[in-house]
Structure formats: C-alpha cells, structure tokens
Amino acid sequence: MLILTFTVIAVLSYLLGSLNFGVILSKRVENDDVRNHGSGNAGTTNMLRNYGKGIALLTIAGDMLKVIAAIFIAVKIFEYTPMLLSEMETTSSLSSLDTDMFIKSFTGFFCVLGHIFPCYFKFKGGKGVATSGGMVFAIDWRIALILLAVFIVIVAVTKYVSLGSIIMALLYPVLIFIFHKSIMLTVIAAIFTLIVIIAHRSNINKLINHTESKINFKSKKKE
C-alpha cells in the first residue's frame, strides 16, 4: 500500500510539474512559444527577456504554486491515511519531522522533473529553479528565505541569474544539514542540487567562457 501511494504521488506530481507556465503563458497570452527565443528555456528569465516583468512574475508564481499544490495533496493523502504514515516511520526509522520533509522532497522531486521534462510540451521545459524554490518554501521557510536573499544579492551584484541559481542549489544541502542534522535529508537535497547543476550545464560553460548573458530588468516585450 505504501509503494502504491508513493507511485500515485509521483505520477500526480509529475503531471502537475509538467504544467510549465512559461510555455502556457507565452502561448496563451503572447500567442508565441518562449522556447523559440533567447536561450530556448521555458523559464522566468527567458520570459522576462522576451515579454517583460508582468508575465515573468506570473510565470514564477505559477511554477512555484504548482509544486506547493502537489505537496499539499501529498501531505493530505498521508494525513487521511495515518496507517501509511505509521508504516513509513516504522520501516524507515525516521522521526515525524523527517518523514514530513521526506514526503515533501519526494513530491517536489517529481514535480521538478515534470517542469524540466513536461509531457504536455514535448519534454522541453525549464530548469526547475522556481519549482525547486516553491518546494523549499514548503519544506522549511527559513532555508527558503536565506536562499532567496543569497540569490537576490548575487543577481544584483553580478546580473547573472544562472550564477545565483547555481549558488542557491549548492547551498541547499548545506543548509538542510545545518538546520536538520539529517544525513538522509541532506542526500536528498544534494540530488536536487545535482538536477539544477545538470540543467544549468550550458550556463556553467558560458560563465566559464565569459559569454553568459546578463539580466536586464528593463527588458521589454519582444517585437
């Protein structure tokens, strides 16, 4: 029953994650596909560069809210089936707090996979930063605020959104360990770091070669 429950959560989370708001909004609002412009990425930064601040904010809100919705559903499933929660704690020897964070991380993982490889949009999506951010807020708001502050400072100073995203990803497992002292949760957090790093591999090469584009917060809609 526990395996079946996690399978259902994984599928549901992936399907919710596949609702890539960069693609949806560019097609519905702009009658366009953001993946045909700029970096070809269906994320907030490319939306900002091509269509402006308003639609970029809607994109990041949608991509964060979908993972929060997925986590809410997953948590409720376990709340209404306490025997599953008890079984999980017994078989894994996790504390109730660690179990809650594991469920949220598991859900977030498949939601992020859906965002990066959306089944509705030929498996070509974004890089999972906003969706991962929504998951972190649901897991531990303290860590989320620290990472957000770091991101803002780095982007403000360097104008490189990719650099801010990469450093956030690298700090995430470190902060998880500092706040929760759990090896298992730290390993899970490190998996998210790996996903974000892999998704940003082209940006890393550009940063190394000094060819990465800087963000312009005055970007206008693409003509």
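Overview of the structure. (Residues numbered from 1 in each chain as written. Predicted model: local features only at pLDDT ≥ 70, side-chain atom pairs only at ≥ 80, totals over all residues. Heavy atoms only, no water.)

## Re the packing of aromatic side chains
At step 1: Overall, the coordinates contain 8 aromatic pairs when judged by the stated rule.
At step 2: Where Phe 6 meets Phe 78, the ring centres are 5.4 Å apart and the plane angle is 50°; that geometry is what we call tilted. Of this pair, Phe 6 sits in helix α1 (residues 2-17) while Phe 78 sits in helix α4 (residues 53-79), placing them 72 residues apart in sequence. The burial state of Phe 6 is the same as that of Phe 78; both residues are buried.
At step 3: Taking 5.1 Å as the distance between ring centres and 90° as the angle between the ring planes, the aromatic pair formed by Phe 109 and Phe 110 counts as edge-to-face.
At step 4: By relative accessible area, which is 24% here, Phe 109 ends up partly exposed.
At step 5: A relative accessible area of 23% means that Phe 110 is categorised as partly exposed. (Phe/Tyr/Trp six-rings, centres within 6.5 Å; stacked < 30°, edge-to-face > 60°. Helix = DSSP H or I, 4+ residues; strand = E, 2+ residues; numbered from the N terminus. Buried < 20%, exposed > 50% of the residue type's maximum accessible area, 1.4 Å probe, protein only.)

## Quick notes on the environment of Lys 66
At step 1: Mapped onto the elements of the fold, Lys 66 is located in helix α4.
At step 2: Separated by 49 residues in the primary sequence, Lys 66 and His 115 have C-alpha atoms spaced 9.7 Å apart.
At step 3: Here Lys 66 is in contact with Leu 16, Gly 17, Leu 19, Asn 20, Phe 21, Cys 111, His 115 and Thr 131, once residues within four sequence places are set aside.
At step 4: In this structure the side chain of Lys 66 is engaged in a polar contact, spanning 2.9 Å, whose partner is the side chain of His 115. (Contact = heavy atoms within 4.5 Å. Polar contact = N/O pair within 3.5 Å; in protein donor to acceptor, adjacent residues only side chain to side chain.)

## Section: the side chain of Arg 35
At step 1: One can find Arg 35 in the loop between α2 (21-28) and α3 (44-51).
At step 2: Judged by its relative accessible area of 11%, Arg 35 is buried.
At step 3: Side-chain polar atoms of Arg 35 contact the backbone oxygen of Lys 124, separated by 2.8 Å.
At step 4: Those residues in contact with Arg 35 that sit more than four places away from it in its chain are Val 23, Lys 27, Gly 40, Ala 42, Phe 121 and Lys 124.

## Comments concerning unusual backbone geometry
At step 1: A positive phi angle is found at Asn 31, which is not glycine, with a value near 55°.
At step 2: Checked against the element boundaries, Asn 31 lands in the loop between α2 and α3.
At step 3: Here the phi dihedral of His 210 falls at roughly 60°; this positive angle occurs in a residue that is not glycine.
At step 4: Along the chain, His 210 turns up in the segment after α11 (201-208).

## Quick look at the packing of helix α10 (residues 183-199) against α11
At step 1: Running from N to C, α10 and α11 cross one another at 65°; their axes reach a closest spacing of 4 Å. Facing α10, whose interface residues are Ile 197, Ile 198 and Ala 199, α11 presents Arg 201, Asn 203 and Ile 204.
At step 2: In the contact of α10 with α11, the residues fall into 4 nonpolar, 1 polar and 1 charged. (Axes fitted to C-alpha atoms, helices over the stretch in contact; angles between N-to-C directions. Nonpolar A, V, L, I, M, F, W, Y, C, P; charged D, E, K, R; others polar.)

## Remarks on the side chain of Ser 165
At step 1: Within the fold, Ser 165 resides in helix α9 (residues 161-180).
At step 2: Taking the relative accessible area as the measure of exposure, Ser 165 reaches 5% and is therefore buried.
At step 3: Dropping the residues within four chain positions of it, Ser 165 is found in contact with Val 129, Phe 151, Val 196 and His 200.

## What about the layout of surface pockets?
At step 1: The calculated volume of the largest pocket comes to roughly 1,200 Å³.
At step 2: For the largest pocket, the lining is made up of 49 residues, of which Thr 45, Val 129, Phe 151, Val 161 and Ser 165 are closest to its centre.
At step 3: Listing elements by their share of the lining of the largest pocket, those giving two or more residues are α3, α4, α7 (129-139), α8 (141-158), α9, α10 and α11.
At step 4: Looking at the lining of the largest pocket, its residues break down into 26 nonpolar, 16 polar and 7 charged.
At step 5: In this structure, the second largest pocket occupies an estimated 360 Å³ of space. (1 Å grid on protein atoms, 1.4 Å probe; cavity = no way out; pocket = protein on both sides within 12 Å on 5 of 7 lines; lining within 4 Å. Points joined across faces, edges and corners; volume = space filled by probe spheres on them.)

## A short note on the packing of α9 against α10
At step 1: Close contact between α9 and α10 brings their axes to 9 Å; oriented N to C, the two are set at 180°. Relative to α10, the element α9 lies roughly antiparallel. Within the contact between the two elements, α9 uses Ser 165, Ile 166, Ala 169, Leu 170, Tyr 172, Pro 173, Ile 176, Phe 177 and His 180 and α10 uses Ile 183, Leu 185, Thr 186, Ala 189, Ala 190, Phe 192, Thr 193, Val 196 and Ile 197.
At step 2: Residue composition of the contact of α9 with α10, by class: 14 nonpolar, 4 polar and no charged. (Parallel < 35°, antiparallel > 145°, perpendicular 65-115°, else oblique.)

## Overview of the nonpolar core
At step 1: Membership of the largest hydrophobic core comes to 38 residues, with the highest contact counts inside it found for Met 47, Met 135, Val 136, Ile 143, Leu 147, Tyr 172 and Ile 176.
At step 2: Elements represented by at least two residues in this core include exactly α2, α3, α4, α6 (96-116), α7, α8, α9 and α10.
At step 3: Sort the elements by how many residues they give to this core and α4 lands first, with 6 residues.
At step 4: The contact partners of Ile 143, leaving out residues within four places of it in the chain, are Val 136, Tyr 172, Leu 175, Ile 176, Phe 179 and His 180. (Core = buried A, V, L, I, M, F, W, Y, C linked by side-chain atoms within 4.5 Å.)

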